[in-house]
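Architecture and fold: a report
Residues per chain, in single letters:
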Amino acid sequence: MDEATYLEMTRGIVEHGLPYTEIGEAQRFRAVQVPWNVVRDGRSWGIYPPLFPYFAAPFYLLGGPAAVVRANLALLGVLALGVFLLARLLSRRSIPSVVAAYVVILATPCAAFATLPSSFVLTE
């Protein structure tokens, strides 16, 4: 559900500049409405904050959903590097810094969610 909603919102941004999907006359039929989206004037609006869809839109344009997942995996690398550099700044030692980077990747759900088009890695 989350990933589909994010992809719908991202596709809407690519197509219209705003995170909605055109459903037109189909809004009359409840069976085609997504129950958790907000439907107004023939548009189905995703309910999640639009930060991730706006981040993902350029990648979606370049390569569709697969490019969004690759961007999320790259964000995972940026997160690990950032944690390493922060730990290095605080401890001034390499080994604890490497351990901190591994811990943020292996002991949090970031690695699992990086393989999905979701906002978890971006918001970590």
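Look up a bit, the structure's there.
Notes on the structure follow. (Residues numbered from 1 in each chain as written. Predicted model: local features only at pLDDT ≥ 70, side-chain atom pairs only at ≥ 80, totals over all residues. Heavy atoms only, no water.)

**Overview of the overall build of the chain**
- Counting secondary structure elements, the chain contains five helices and three strands.
- In the chain, the succession of helices and strands from N to C terminus is α-β-β-β-α-α-α-α.
- On C-alpha atoms alone, the chain measures out to a radius of gyration of 18 Å, which is more than a quarter above the 14 Å that the 2.2 N^0.38 rule sets for 124 residues.
- Taking the principal axes of its C-alpha atoms as reference, the chain extends roughly 60 × 25 × 20 Å.
- Per-residue burial for the chain yields a buried fraction of 34% across its 124 residues.
- Contacts spanning at least 24 positions in sequence make up 56% of the contacts within the chain whose residues lie at least 6 apart. (Helix = DSSP H or I, 4+ residues; strand = E, 2+ residues; numbered from the N terminus. Rg over C-alpha atoms; globule rule 2.2 N^0.38 Å. Buried < 20%, exposed > 50% of the residue type's maximum accessible area, 1.4 Å probe, protein only. Contact = heavy atoms within 4.5 Å.)

**As for the sheet that holds strand S2 (residues 38-40)**
- Strand order in this open sheet of three strands is S1-S3-S2, and the pairing throughout is antiparallel. A single partner strand is all that each edge strand has here, and the edge strands are strand S1 (20-22) and S2. Across this sheet, the average inter-strand angle for adjacent strands is 25°, counted without regard to direction.
- Bridge analysis of S2 against strand S3 (residues 43-45) gives three bridges, and the strand direction is antiparallel. When the sheet's bridge partners are listed, Val 38 is paired in S3 with Trp 45. (Pairing = 2+ DSSP bridges. Axes fitted to C-alpha atoms, helices over the stretch in contact; angles between N-to-C directions.)

**Quick word on the pattern of salt bridges**
- Here the structure, examined in full by the defined rule, presents two salt bridges.
- Of the charged contacts in the structure, one is a salt bridge between Arg 11 and Glu 15, with a shortest N-O distance of 3.8 Å. Residue Arg 11 and its partner Glu 15 are located together in helix H1 (residues 2-16), separated by four residues, close to a single helical turn.
- Look at Glu 15 and you get exposed, because its relative accessible area is 53%.
- Glu 22 is the salt-bridge partner of Arg 43, the closest N and O atoms lying 3.6 Å from each other. (Salt bridge = Lys/Arg side-chain N within 4 Å of Asp/Glu carboxyl O.)

**Some thoughts on the nonpolar core**
- Judged by nonpolar contacts, Leu 75, Leu 76, Leu 79, Ala 80, Ala 101, Val 104, Ile 105, Cys 110, Ala 114 and Val 121 together constitute the single largest core of 10 residues.
- Considering each element in turn, this core owes the most residues, four residues, to helix H2 (residues 51-91).
- When near neighbours in sequence (up to four residues on either side) are disregarded, Val 104 contacts Leu 79, Ala 80, Val 83 and Cys 110.
- If you look at the next biggest cluster of nonpolar residues, it comprises seven residues, including Tyr 6, Phe 52, Tyr 60 and Val 68. (Core = buried A, V, L, I, M, F, W, Y, C linked by side-chain atoms within 4.5 Å.)

**Notes on the packing of aromatic side chains**
- Per the stated rule, a full pass over the model turns up six aromatic pairs.
- Arranged with centres 5.4 Å apart and planes meeting at 75°, the rings of Tyr 6 and Phe 52 form a pair that is edge-to-face. Of the two residues, Tyr 6 sits in helix H1 while Phe 52 sits in helix H2, which places them 46 residues apart along the sequence.
- Judged by relative accessible area, which is 7%, Tyr 6 ranks as buried. (Phe/Tyr/Trp six-rings, centres within 6.5 Å; stacked < 30°, edge-to-face > 60°.)

**Describing a nonpolar patch on the surface**
- On the surface, a cluster of nonpolar side chains totalling about 350 Å² of accessible area is made up of Met 1, Trp 36, Val 38 and Ile 47.
- With respect to the helices and strands, the residue Ile 47 is situated in the loop between S3 and H2.
- Its relative accessible area of 42% is what places Ile 47 among the partly exposed residues. (Patch = residues over 30% accessible without salt bridge, like charges linked within 9 Å, V, L, I, M, F, W, Y side chains within 5 Å. Areas by Shrake-Rupley, 256 points an atom, 1.4 Å probe, with all protein chains shown as cover.)

Remember that the coordinates give geometry; whether it matters functionally is a separate question.
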